[in-house]
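So you can see what is in the structure, the chains are spelled out below.
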Amino acid sequence: MTDTLRDADRIAVLTGAGISTASGIPDFRGPEGVWTKNPAAEAMFDIEEYVASREVRVATWKHRLAVPAWRVEPNPGHVALVELERQGRLAGLITQNVDGLHQKAGSSPELVHELHGTVWYVDCLQCERRVPMADVLPRLESGEEDPACEVCGGILKSATVSFGQSLDRAVLDRAVAATEAADLFLAVGTSLQVYPAAGLCDLALNSGKPLVILNAQPTPYDEHATTVLHTPIETTLPELVTLP
Ligand SMILES: [Zn+2]
């Protein structure tokens, strides 16, 4: 397996929640996951529920304040992928995460493809105005429970992709292009249960590329992978990218 990764010149990487748990951001489906512990929380990630219910929006903004992506730091797993880019071997860094930790670690923004959007921006669902989350946080901290757009009064929502919302086509196209340009596909910290992210594994496999999976729990793609590792990401990934 070490040979598989060492011999790859162009690696497309897909990351999921598992790479950020060591930074203190809970995942969704793991044993300590947000949805495992509180299935009702799933409503916060459904666009219809969000638009229909002030209660859901208030809970969602509370959750945003409680899960402080803006106050956490990247861990050695994120840093390892910066090293992979420095080696000139990163075809693209596709992520299901919305925490922005890859960019914070130093990965080039043009190589990071955020399939599910980002919590670092907020969109108005009515006039589509986009503002930095940093503009909205002070309003939340000063007691606004469901801040409205300051231009049109519309509903504000983090620039993340909820259930019922489509992915940004351009981002998905870049993720596909990165996968096609790679000679190996590395999936890190993702349960590979959400499409189209998981479908990128099919794209790689169908063109005969090795698939390496590094994840705490088994995934539906384990049986198709060249190598499967269930070891901790924050120690394993740095080892993998610095193989002699
Ligand atoms: Zn607006």
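Residues numbered from 1 in each chain as written. Predicted model: local features only at pLDDT ≥ 70, side-chain atom pairs only at ≥ 80, totals over all residues. Heavy atoms only, no water.

Per the UniProt annotation, the sites labelled "binding site: Zn(2+)" (unreviewed entry) are Cys124, Cys127, Cys149 and Cys152. Considering the C-alpha atoms alone, the annotated residues occupy 29 residues of sequence yet fold into one spot, their largest mutual distance being 8.5 Å. Within the element layout of this structure, Cys124 appears in strand β4 (residues 117–124). Since its relative accessible area comes to 2%, Cys124 is described here as buried. For Cys124, the residues in contact, after removing those within four places along its chain, are Arg129, Cys149, Cys152, Gly154, Ile155 and Leu156. Mapping Cys127 onto the fold places it in the loop between β4 and β5 (130–132). Taking the relative accessible area as the measure of exposure, Cys127 reaches 35% and is therefore partly exposed. (UniProt positions renumbered as here; feature names shortened; annotations may be inferred. Helix = DSSP H or I, 4+ residues; strand = E, 2+ residues; numbered from the N terminus. Buried < 20%, exposed > 50% of the residue type's maximum accessible area, 1.4 Å probe, protein only. Contact = heavy atoms within 4.5 Å.)

Once the domains are mapped, the protein chain shows domain 1 (1–25 + 77–116 + 167–244) and domain 2 (31–66 + 120–160). On a C-alpha basis, the centroid separation for the pair domain 1 and domain 2 is 28 Å. Counting the surface lost from both domain 1 and domain 2, the interface buries some 340 Å², and carbon and sulfur atoms represent 56% of this. If you sort the residues of domain 1 by the area they bury against domain 2, Val98, His116 and Gln217 come out on top, with a joint share of 66%. Joining domain 1 to domain 2, the criterion identifies 0 salt bridges. On the surface where domain 1 and domain 2 come into contact, there are 1 residue pair in polar contact (both at pLDDT 80 or more). (Domains from an automatic or database assignment. Buried area = accessible area lost by both parts, 1.4 Å probe. Salt bridge = Lys/Arg side-chain N within 4 Å of Asp/Glu carboxyl O. Polar contact = N/O pair within 3.5 Å; in protein donor to acceptor, adjacent residues only side chain to side chain.)

As summarised here, the arrangement of the 3 strands in space is β5-β4-β6, forming an open sheet in which the pairing is antiparallel. Here the strands that pair on one side only, and so sit at the sheet edges, are β5 and β6 (156–160). Strand-to-strand twist in this sheet, taken as the mean axis angle between neighbours without regard to direction, amounts to 40°. Where β4 lies against β5, 3 bridges are found, and the strand directions are antiparallel. Bridge pairing in β5 places Val122 opposite Val131. Running at roughly 50° to β6, helix α4 (residues 54–66) makes contact with β4 and β6 of the sheet. The sheet strands contacting helix α7 (residues 133–141) are β4, β5 and β6, and the helix crosses β5 at an angle near 70°. (Pairing = 2+ DSSP bridges. Axes fitted to C-alpha atoms, helices over the stretch in contact; angles between N-to-C directions.)

Next up on the list: the pattern of salt bridges. This structure, assessed with the given rule, holds 8 salt bridges. In the salt-bridge network here, residues are joined through shared partners; they are Arg139, Glu144 and Glu150.

Moving on, we come to the pairing of strand β2 (residues 90–95). Taken across its 6 residues, β2 has 6 buried, putting it largely inside the fold. Bridge count between strand β1 (residues 11–15) and β2: 5 bridges; the pairing is parallel. When the bridges of β2 are listed, Thr15 appears paired with Thr95.

This next bit is on the nonpolar core. If you look at the biggest cluster of nonpolar residues, it comprises 22 residues, and the most contacted ones within it are Ile94, Leu115, Phe185 and Leu192. Looking at this core, the elements with two or more residues in it are β1, β2, α8 (169–181), β7 (184–188), α9 (199–206) and β8 (211–214). Ignoring sequence-local partners within four residues, the contact set of Phe185 consists of Ala12, Leu14, Ile94, Thr179, Leu200, Cys201, Ala204, Pro210, Leu211 and Val212. Of all hydrophobic cores here, the second largest spans 21 residues; its members include Leu84, Leu186, Val212 and Leu229. (Core = buried A, V, L, I, M, F, W, Y, C linked by side-chain atoms within 4.5 Å.)

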